[in-house]
Number of protein chains: 2
Amino acid sequence: MLTMLSRIHSLRAISRLSLKRPLGGINFLGARATFSTHNPSYFATNRFTVDEYPYLKRSESFNRLSEKDISYFKSILASSSITQDAEDLEAFNNDWLRKYRGQSKLVLKPSSAEQVSQILKYCNEQRLAVVPQGGNTGLVGGSVPVFDEIVISLSHMSKIRSFDEVSGALVCDAGCILEVLDKYLEERGYIMPLDLGAKGSCHIGGNVATNAGGLRLLRYGSLHGTVLGLEVVLPDGTILDNLSTLRKDNTGYDLKQLFIGSEGTLGIITAVSILSPKRSKATNVALLGLNNFDQLQATFKRSKDELSEILSAFEFWDREAMRLAKQHLVAGAHDPLQSLYPFYILIETSGSNKDHDDEKLNTFLEGLMTDDVIQDGVVAQDSTQIHNLWAIREGIPEACSKAGAVYKYDISMPVPVLYQAVEDMRARLVKEGAIGDGKLFSSVIGYGHVGDGNLHLNVAATEFCKEATDLIEPYIFEWTARHAGSISAEHGLGLSKNNHLHYSKSPSMIQLMRRFKQLIDPNGIMNPYKYLPLV
Amino acid sequence: MLTMLSRIHSLRAISRLSLKRPLGGINFLGARATFSTHNPSYFATNRFTVDEYPYLKRSESFNRLSEKDISYFKSILASSSITQDAEDLEAFNNDWLRKYRGQSKLVLKPSSAEQVSQILKYCNEQRLAVVPQGGNTGLVGGSVPVFDEIVISLSHMSKIRSFDEVSGALVCDAGCILEVLDKYLEERGYIMPLDLGAKGSCHIGGNVATNAGGLRLLRYGSLHGTVLGLEVVLPDGTILDNLSTLRKDNTGYDLKQLFIGSEGTLGIITAVSILSPKRSKATNVALLGLNNFDQLQATFKRSKDELSEILSAFEFWDREAMRLAKQHLVAGAHDPLQSLYPFYILIETSGSNKDHDDEKLNTFLEGLMTDDVIQDGVVAQDSTQIHNLWAIREGIPEACSKAGAVYKYDISMPVPVLYQAVEDMRARLVKEGAIGDGKLFSSVIGYGHVGDGNLHLNVAATEFCKEATDLIEPYIFEWTARHAGSISAEHGLGLSKNNHLHYSKSPSMIQLMRRFKQLIDPNGIMNPYKYLPLV
Ligand SMILES: Cc1cc2nc3c(=O)[nH]c(=O)nc-3n(C[C@H](O)[C@H](O)[C@H](O)COP(=O)(O)OP(=O)(O)OC[C@H]3O[C@@H](n4cnc5c(N)ncnc54)[C@H](O)[C@@H]3O)c2cc1C
Ligand SMILES: Cc1cc2nc3c(=O)[nH]c(=O)nc-3n(C[C@H](O)[C@H](O)[C@H](O)COP(=O)(O)OP(=O)(O)OC[C@H]3O[C@@H](n4cnc5c(N)ncnc54)[C@H](O)[C@@H]3O)c2cc1C
């Protein structure tokens, strides 16, 4: 017992692990909350997508909405499921980033797969373009119309259909909010296999449609592995019933996979069956401060070795991200470490035995301190502190968005070059004299999921404009391609990355994608202008 | 310390956990070894598939192999890569179960994706049907020709292309043998995320083509989650280069997913990129004897709670399986428990800290003993004992196959009804008076992966014949459909399940599958007569 004690003690002394000072001060607004504002004036200053991207032309093949169409929709939907009011439409026409703004005149909110089927069949026959919309938290402009596409919102489909307490298989409507599902499972001893900062707003259907990654991917893997089945309505109105709850099923092509990450371009996901793991009894969260990226890599490697099966998150952010988090979020927010560090790591462990986990984490942290790999650190002592440490990480996207017009890049690559992307981008803007007080850009921020080789590179500008775009693109895409990376690790393509697909996929891959799209959506009514390159 | 000791002690006393008596006696022949025999007379008594299944008719649209074709293949392949000798062909024409026998006159063994591309392009233009073949361990007749299809064996493509020691991404040719890859990774501290009894013969390409599940799925998930990328040659010769090593990449439809589990009907997988997890430092294996299936379920639930993140396998088999394992495998094979039990469970844990794992496992087992959930049990004390316990489980398929002509069903369903399938089948054969000494059937055996709701139901007959088939089918498929199960959990469809697909998939799903097949393989040259229903 003596050895143990002295080890914990030395750790405390160096890193103030016991956190006498509570973390309660950190309580970022909205980090896990809803984003969509219902104040239409909020959007009034946003520019229309078509004005910003003049290369976009409305397709001649689509018809414009007529009174006859409205009558048809009124014949199948309750009036509360049809939105035509100009002010109400704003929240559906504008995206979370305030970068894209469409001009839809109609939002439909079906409440069953059958209604979705009727709507799509009609739109397909009448050549009316549509945009499926979940929680509208997507970050690539995929969830809002470009022109006058009809928005089909899944917000009225939010029932949990079944839950199997033995296997953990959850079946629910696509419009269920991620956080609501996680709460539901928490009460039953289970956990959603994915988690993201937008959990208070995003839908499980939107998560599947974007193949969202997020904060738990390191532990529970991607949706391609955890989604057991889907119910999908195809453009011709066919309801594909593949809502299996089986963990294993090798009967034919795994069609559901094609819809995972298809961003509303092939059909509308109306229900999801997903395998939820048991919720761990013990959770630990540590926040560490480090001097350089080499130390960060060393910490990552050692965590895979020493924390191994209990490691459930390994997130990082840089000094700039921490500065913004403190500046743009609620007054009094402070980070629990005494100095500002070039790099921060948030490590989460979850396991079934608190004592074992504590011992593993303490041994691990002690080793890092002894070897001078980390400079400082705290370990949360209760669930409030855990929540508060996570709130820093989860508040970063929002903090960045408050720093101005934020160009967001979400790239993946081999871990060793992960942070070089940030440094090279910064150096480029410095060289161009474009960053600093009174300049076009105010900061370059890096954060992300180290365990997945996934960097969120944010470049904050005074406004979204061609000059700013041209300074970043295609530079960043070329950089990524040169490092064998992906130009979109988890956010998808939407309207902001579709024309850059060739940086990550070969011509034959893109051609095959086009053939699948053509096969399933021959009239191209599903979320047009996006996803696949326009030329 | 006292408490701990007394707990371990009581466990030992009841369950002989320390295993003074070594397990070495169990050493089943070939459990992890190669199956294919190169003695052609071994196959002489096998019946041709076409004689057994007269409904199969050779498609008029395929040409027959000509001298001109042979000349072409000789112009692109070394002579050592072309097999035409009648005796040599037998091993490629016959399947592991000795249930299917084709009549191919030609085996090609390309050594690069380019050669595969040349072959397929030519075959596609000349309307020559082909069968991709990996290790030929498939259990549904998918890997051997029905008529005179050309066999394209991947056996000459067995190079490891790269391994990333930071991320664990392994890139290798499709013809690499699973066990070879696992050994390679073991030396580097990593592990293949899948394992199966056929590991000594099966190829990683075959594993991907069948979406093999196996013994580690419970821990590491399915190949849909762990495969990072594929290189695939399409029938028209296109080489789809999607050999990404990135853990996250949301750029476009995830095309590789469609080839996972496509059983050679869409293209030939020539290389695989797969994410390997860190190999756990500590492994424990326990074998338990139980009195009934309720106890088995209770044990499973408790293992999810108590072993949780260190649980890496939860396999079961029944008394009949144990009897056969002892009877048909090497002389002197004995199981380490003193009596024969109705049910056996093999539990494996793997983690990063041996002491912690031992404590969790002991507490868990002690609880089960105390509550009388398990009757007896042993825990392996070293790697030889671990190997020997696994050898019982892995030897069962082979033991069953020695029991006669074995009808194999590989079904998944909700765990609570898992064993009822065996009981109902047994009851049916008893009622029909078809089982017992001198009868058509000798035994009904159940084993499988409890954690995945996956039962291997084996029905041993004196011979494969229509009478036997009719007593089992479609009964078992109807039973499965009634219990919302899958008629093929992991083995796939091939020739033995394709016409039964409708028991697990709706007409609209099957229709969409046909459209995908038609899109990619319009001439139908890839592995014809299989996978999709013939009518
Ligand atoms: C603060 C914040 C943090 C985030 N963190 C992460 C993160 O860590 N990881 C990550 O991957 N993403 C992250 N995102 C991005 C975003 O939240 C995810 O992509 C999310 O999955 C989108 O879900 P949604 O319901 O809001 O979809 P929406 O934004 O409404 O739609 C996204 C796309 O999916 C389509 N779609 C939506 N629902 C359906 C449906 N039912 N059927 C067919 N198509 C549909 C839309 O047409 C659109 O193309 C974050 C976003 C924010 C604002
Ligand atoms: C003793 C034993 C135990 C088994 N245990 C399991 C188990 O636990 N779990 C499980 O899932 N399966 C199991 N199997 C079944 C079998 O081993 C697996 O399906 C295995 O993945 C097949 O690999 P293979 O290389 O032998 O493929 P093959 O048998 O050669 O081929 C199987 C199918 O895949 C196609 N194919 C093969 N290679 C390629 C390629 N490169 N490109 C395109 N198509 C290809 C073939 O055309 C065929 O349709 C077991 C089999 C045996 C004999």
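The rules behind these values
Residues numbered from 1 in each chain as written. Chains lettered and ligands numbered in written order. Predicted model: local features only at pLDDT ≥ 70, side-chain atom pairs only at ≥ 80, totals over all residues. Heavy atoms only, no water. Pairing = 2+ DSSP bridges. Helix = DSSP H or I, 4+ residues; strand = E, 2+ residues; numbered from the N terminus. Axes fitted to C-alpha atoms, helices over the stretch in contact; angles between N-to-C directions. Contact = heavy atoms within 4.5 Å. Expected span 1.5 Å × (residues − 1). Buried < 20%, exposed > 50% of the residue type's maximum accessible area, 1.4 Å probe, protein only. Arc of directions from axis to C-beta. Core = buried A, V, L, I, M, F, W, Y, C linked by side-chain atoms within 4.5 Å. Salt bridge = Lys/Arg side-chain N within 4 Å of Asp/Glu carboxyl O.

S.K.: Before we move on, could you go through the sheet that holds strand β13 (residues 376-379) of chain B and cite the residues and values that matter?
M.R.: Residues and elements named next belong to chain B. Spatially, β13-β10-β12-β11-β15-β16-β14 is the arrangement adopted by the seven strands of the open sheet, whose pairing is antiparallel. Where the open sheet ends on each side, the last strands, each with one partner, are β13 and β14 (405-412). Taken over all neighbouring pairs, the strand axes of this sheet differ in orientation by 15° on average, direction set aside. Taken together, the four bridges between strand β10 (residues 282-290) and β13 define a ladder with antiparallel strand orientation. Directly across from Leu287, in β13, lies its bridge partner Val378. Against the sheet, helix α17 (residues 475-482) makes contact with β14 and β16 (454-461), and its axis sits at roughly 10° relative to β14, the strand it touches most.

S.K.: I'd like a description of helix α15 (residues 420-431) of chain B, backed by residues and values.
M.R.: Along an α-helix, residues three or four apart share an orientation, since each turn contains 3.6 residues. All names here are of chain B. Taking 1.5 Å of rise per residue, twelve residues should cover 16 Å, and α15 covers 16 Å from first to last C-alpha, within 8% of that figure. Taken as a whole, α15 has its buried residues at Ala421, Val422, Met425 and Leu429. Projection of α15 onto a plane perpendicular to its axis shows the buried side chains occupying an angular sector of 100°, all on one side. Of the exposed residues in α15, those oriented more than 90 degrees away from the buried face are Val430 and Lys431. Packed against the buried residues of α15 are β11 (311-318), β14, β15 (441-449), β16, α16 (466-472) and α17. Immediately beyond the C-terminal end of α15, within one or two residues, lies Gly433, with a positive phi of roughly 65°.

S.K.: So, the sheet that holds strand β12 (residues 343-351) of chain A: which residues are in play, and what are the values?
M.R.: To summarise the sheet geometry, strands pair through backbone hydrogen bonds and adopt either a parallel or an antiparallel arrangement. All names here are of chain A. Strand order in this open sheet of seven strands is β13-β10-β12-β11-β15-β16-β14, and the pairing throughout is antiparallel. The open sheet has two free edges, formed respectively by β13 (376-379) and β14 (405-412), since each of these has just one partner strand. The mean angle between the axes of side-by-side strands here comes to 15°, regardless of whether they run parallel or antiparallel. As defined by bridge partners, strand β15 (residues 441-449) adjoins strand β16 (residues 454-461) across eight bridges and the pair is classed as antiparallel. Residue pairing for β16: Gly448 is matched across the bridge by Leu455. Against the sheet, helix α17 (residues 475-482) touches β14 and β16, its axis set at about 10° to β14.

S.K.: Any chance you could break down the nonpolar core for me, citing the residues and the numbers?
M.R.: In summary, soluble globular proteins display a tendency toward joint burial of nonpolar side chains. Within the largest apolar cluster, 154 residues are counted, with the highest numbers of intra-cluster contacts made by Phe73 of chain A together with Phe73 of chain B. Residues in contact with Phe73 of chain B, not counting those within four places in the same chain, are Leu65, Ile82, Leu106, Leu108, Ile119, Tyr122, Cys123, Leu128 and Ile150 of chain B. Counting residues in hydrophobic clusters, the runner-up holds 58 residues, among them Leu288, Phe314, Phe364 and Ala405 of chain B.

S.K.: Which residues make up the pattern of salt bridges, and what values do they have?
M.R.: Pairing is possible between side chains of opposite charge, provided their charged atoms come close. Residue and element names in this part refer to chain B. The final tally for this structure, using the stated rule, is 58 salt bridges over all chains. Here Glu186 ties to Arg279 by a salt bridge, and the two come within 4.0 Å at their closest N and O atoms. Taken together, the positions of Glu186 in helix α6 (residues 178-186) and Arg279 in the loop between β9 (268-275) and β10 put the pair 93 residues apart, joining distant regions of the chain. The exposure class of Glu186 is partly exposed, given its relative accessible area of 42%. Assessed through its relative accessible area of 24%, Arg279 is described here as partly exposed.

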